[in-house]
Amino acid sequence: MKAKVVVVGSLNMDLVARAERLPRPGETLAGETFFTVPGGKGANQAVAVARLGGTVAMVGNVGDDAYGQQLRQALEVEGIDCQAVKVCEGVSSGVALITVDAASQNCIVIIPGGNGLLTPQAVQQFDGLLQAAEVIICQLEVPADTVAWTLARGRELGKTVILNPAPATGPLPTQWLAHIDYLAPNESEAQALTGVPVSDLDSARRAGERLVQLGVRKVIITLGAHGALLVCAQGSRHFPAPKVKALDTTAAGDTFIGGFAAALVRGLTEDAAIAFGQRAAALSVTRAGAQPSIPYLKELP
Ligand code: RIB
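Residues numbered from 1 in each chain as written. Predicted model: local features only at pLDDT ≥ 70, side-chain atom pairs only at ≥ 80, totals over all residues. Heavy atoms only, no water.

Chemist: Now, about the UniProt feature "binding site: ATP" (unreviewed entry) in the chain: what can you tell me, with residues and values included?
Modeler: What UniProt calls "binding site: ATP" (unreviewed entry) maps, in this numbering, to Asn186, Thr222, Leu223, Gly224, Ala225, His226, Gly227, Gly253 and Asp254. Of the residues annotated just before, the largest pocket has Asn186, Thr222, Leu223, Gly224, Ala225, Gly227, Gly253 and Asp254 among its lining. Counting through the fold element by element, Asn186 comes out in the loop between β10 (182–183) and α7 (187–194). Those residues in contact with Asn186 that sit more than four places away from it in its chain are Ile221 and Thr222. Its place among the elements puts His226 in the loop between β11 (218–222) and β12 (228–232). Contact partners of His226, with chain neighbours within four places excluded, come to His238 and Phe239. (UniProt positions renumbered as here; feature names shortened; annotations may be inferred. 1 Å grid on protein atoms, 1.4 Å probe; cavity = no way out; pocket = protein on both sides within 12 Å on 5 of 7 lines; lining within 4 Å. Helix = DSSP H or I, 4+ residues; strand = E, 2+ residues; numbered from the N terminus. Contact = heavy atoms within 4.5 Å.)

Chemist: For the packing of aromatic side chains, give the residues involved together with the corresponding values.
Modeler: Using the criterion set out here, one finds two aromatic pairs in the structure. Considering the side-chain rings of Tyr182 and Phe260, the 5.0 Å spacing of their centres and the 80° angle between planes classify their relative orientation as edge-to-face. You can see Tyr182 sitting in strand β10 and its partner Phe260 sitting in helix α9 (residues 252–265), a full 78 residues away along the chain. Of the residues examined, Tyr182 reaches a relative accessible area of 9% and is grouped as buried. The interplanar angle of 10° and the centroid separation of 6.2 Å between the aromatic rings of Phe256 and Phe260 together place this pair among those described as stacked. (Phe/Tyr/Trp six-rings, centres within 6.5 Å; stacked < 30°, edge-to-face > 60°. Buried < 20%, exposed > 50% of the residue type's maximum accessible area, 1.4 Å probe, protein only.)

Chemist: So, the side chain of Thr150: which residues are in play, and what are the values?
Modeler: Positionally, Thr150 belongs in helix α5 (residues 144–156). Within the local environment of Thr150, its side chain forms a polar contact with the backbone oxygen of Thr146, the two atoms lying 2.7 Å apart. (Polar contact = N/O pair within 3.5 Å; in protein donor to acceptor, adjacent residues only side chain to side chain.)

Chemist: I'd like to hear about the packing of α7 against helix α8 (residues 201–214), residue by residue, with values.
Modeler: Orientation of α7 relative to α8, taken along the N-to-C sense of each, is 50°, at an axis distance of 10 Å. In terms of orientation, α7 lies oblique with respect to α8. Remark: the crossing between α7 and α8 carries left-handed chirality. Side by side, α7 and α8 meet where Ala190, Leu193 and Thr194 of the first sit next to Ala207, Arg210 and Leu211 of the second. Looking at the contact of α7 with α8 residue by residue, the class counts come to four nonpolar, one polar and one charged. (Axes fitted to C-alpha atoms, helices over the stretch in contact; angles between N-to-C directions. Parallel < 35°, antiparallel > 145°, perpendicular 65-115°, else oblique. Left-handed = near helix turned anticlockwise from the far one by under 90°. Nonpolar A, V, L, I, M, F, W, Y, C, P; charged D, E, K, R; others polar.)

Chemist: Can you explain the packing of helix α1 (residues 41–51) against α9? Please cite residues and give values.
Modeler: Helices that pack against each other are described as a pair by the angle of their axes relative to one another and the distance between those axes. Axis separation between α1 and α9 bottoms out at 7 Å; the angle between their running directions is 45°. On the basis of their axis angle, the class for α1 and α9 is oblique. Of the two possible hands of crossing, α1 and α9 adopt the one that is right-handed. Contacts between α1 and α9 involve Lys41, Asn44, Gln45, Ala48 and Val49 from the former and Asp254, Thr255, Ile257, Gly258, Gly259, Ala261 and Ala262 from the latter. Split by residue class, the contact of α1 with α9 holds five nonpolar, five polar and two charged.

Chemist: Tell me about the sheet that holds β10, residues and numbers included.
Modeler: Backbone-to-backbone hydrogen bonds join strands into a sheet, with any given pair of strands oriented parallel or antiparallel. Spatial strand order, β5-β4-β1-β8-β9-β10-β11-β12-β13: nine strands in an open sheet with mixed pairing. The open sheet has two edge strands, β5 (81–88) and β13 (235–239), and neither has a second partner. As judged from the four bridges shared by strand β8 (residues 135–138) and strand β9 (residues 160–163), these two strands associate in the parallel manner. Note on β9: the bridge partner recorded for Val135 is Thr160. (Pairing = 2+ DSSP bridges.)

Chemist: Tell me what's going on with the nonpolar core, and back it up with residues and numbers.
Modeler: In terms of nonpolar packing, the biggest core is built from 45 residues, with Ile80 and Ile137 touching the most fellow members. Top contributing element to this core by residue count: α9, with eight residues. Setting aside residues up to four positions removed in sequence, Ile137 forms contacts with Val5, Val6, Val7, Val8, Gln45, Val49, Ile162, Ile257 and Ala261. If you look at the next biggest cluster of nonpolar residues, it comprises 39 residues, including Ala57, Leu118, Ala133 and Leu177. (Core = buried A, V, L, I, M, F, W, Y, C linked by side-chain atoms within 4.5 Å.)

Shown next as structure tokens:
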């Protein structure tokens, strides 16, 4: 079956330590638990699409190590089309070192490994996947020229193009903006992209308006427990978040994006797709880890 969603992005093995609090610079801190689980923003979003009712293909790289095999298998068992997941010889797989504290906050260090070698040509080789898709999703854990090429190709093909600008370190190249249908940052990413300090709904709206003025069609800013804000040329709409007790917020944004895309290709309206993505993300934060926390369609109300 042809995949309706294509994710071009990263696959990481997540090495997760839980501790009472995050360590300070120079400090050695005794933690409580450790586990290793498949992650990476691209792979997490692909898993979310697959579990939440969409068909999906992944375009990305792993290294020629045991993690690479495990990362690919984790996608295959979800029924994700992995023909475009390639092994880079002599390179490690992407790894994320994650610390989660008792308040469910995390900090993450990423070593790109094979993700850093994903070229525009590698994506171009699978142009048939892009042509057959309805929705194309990118993030920023693979090289910028690859993201730029994919966004432009998605626009050229008339697909719905979603960019999750994570991790964001500053403004996006201006030539990317007109290629994006939905830009989906969290609060800190919205701030990094615009320079607008984002601390509440009003400031999030200002940041979203700035991005729309610059050429993005629609912006969905995810605000954690404060919900999500959709901003477009016609105005803005706030979507309150379901109330849950958070255990681990890793991959909550990925679950939202995958859920949103899966709902769009299932024919839900934009508003219903946002609310669906929020319900999925809310459930994910009650569970530990990246891919293990992502819910299945049958678990959602
Ligand atoms: O968004 C969560 C993901 O960020 C983790 O799975 C980790 O791999 C990093 O890429």
